[in-house]
Amino acid sequence: MMLKYRDIAIGLQEIPNEVSLVINIANCPFKCKGCNTKHLWEDSGELLSYENLEMLIDSTIQDITCVLFMGGDVAPDEINELAAYIRNHYPDLKIGWYSGGETITVFTEYQNFDYLKFGPFIKKLGPLSSPKTNQRLYKVEGGVLRNITRLLW
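Please read these numbers as outputs of a predicted model, since none were measured by experiment.

J.: For the overall build of the chain, give the residues involved together with the corresponding values.
T.: Each helix and strand in the chain was counted, giving two helices and eight strands. Computed over C-alpha atoms, the radius of gyration of the chain comes to 14 Å, within 12% of the 15 Å expected from 2.2 N^0.38 for 153 residues, which places it in the range of a compact globule. The C-alpha extent of the chain, read off along each of the three principal axes, is 40 × 35 × 30 Å. In the chain, which comprises 153 residues, the share counted as buried stands at 47%. For the chain, contacts bridging at least 24 residues in sequence account for 55% of all contacts bridging at least 6. Taken together, the 15 basic and 19 acidic charged side chains of the chain have centroids lying 15 Å from each other.

J.: Please set out the packing of helix α1 (residues 50-58) against helix α2 (residues 76-89) residue by residue, giving values where relevant.
T.: Contact pair α1 / α2: the axes reach a minimum separation of 11 Å and the direction vectors enclose 50°. By the angle between their axes, α1 is oblique relative to α2. α2 is crossed by α1, and the crossing has right-handed handedness. Of the residues in α2, those touching α1 at Tyr50, Leu53, Glu54 and Ile57 are Glu81, Leu82, Tyr85 and Ile86. Across the contact of α1 with α2, the residue classes tally to six nonpolar, no polar and two charged.

J.: Report on the sheet that holds strand β8 (residues 144-147), specifying residues and quantitative values.
T.: What the eight strands build is an open sheet, ordered β3-β1-β2-β4-β5-β6-β7-β8; its pairing is mixed. The outermost strands of the open sheet, each flanked by one partner alone, are β3 (46-47) and β8. Direction of pairing for strand β6 (residues 115-118) relative to strand β7 (residues 136-141): antiparallel, over a ladder of four bridges. Note that in β7 the partner of Phe118 across the bridge is Arg136.

The rules behind each value
Residues numbered from 1 in each chain as written. Predicted model: local features only at pLDDT ≥ 70, side-chain atom pairs only at ≥ 80, totals over all residues. Heavy atoms only, no water. Helix = DSSP H or I, 4+ residues; strand = E, 2+ residues; numbered from the N terminus. Rg over C-alpha atoms; globule rule 2.2 N^0.38 Å. Buried < 20%, exposed > 50% of the residue type's maximum accessible area, 1.4 Å probe, protein only. Contact = heavy atoms within 4.5 Å. Lys, Arg positive; Asp, Glu negative; His and termini not counted. Charge placed at Lys NZ, Arg CZ, Asp CG, Glu CD. Axes fitted to C-alpha atoms, helices over the stretch in contact; angles between N-to-C directions. Parallel < 35°, antiparallel > 145°, perpendicular 65-115°, else oblique. Left-handed = near helix turned anticlockwise from the far one by under 90°. Nonpolar A, V, L, I, M, F, W, Y, C, P; charged D, E, K, R; others polar. Pairing = 2+ DSSP bridges.

Here it is, written out as structure tokens:
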């Protein structure tokens, strides 16, 4: 499987104190009720190869401090490999992943990430910016996950 991305954005609110290159990954397996990004449910877009990833980063490198994958749960190992690639080729950038899963059990390699968000979107509980949210944002520190969700409230 090869991951595809639909679009990108520069985000100021997804990761506290970071300016993120937000890469929206297609083919979301969760299809959460009330989802605001239903276009990411489709299996369409450009392949997220190392070359395309490099092009996206190089075209925004002056403006960003973090690369954030939004989705990619259909191929978590590929997200991990892309994160490792960024870690090796762009060591000054932070790396985050917003997953709609409850946890990411596939990874023992948290060192490839600085930030991880877990949890499906549940409309009545709201997004990460809501104190009622079920979603959690973690900062990875020495292989340990520290909950920093409250920084978004």
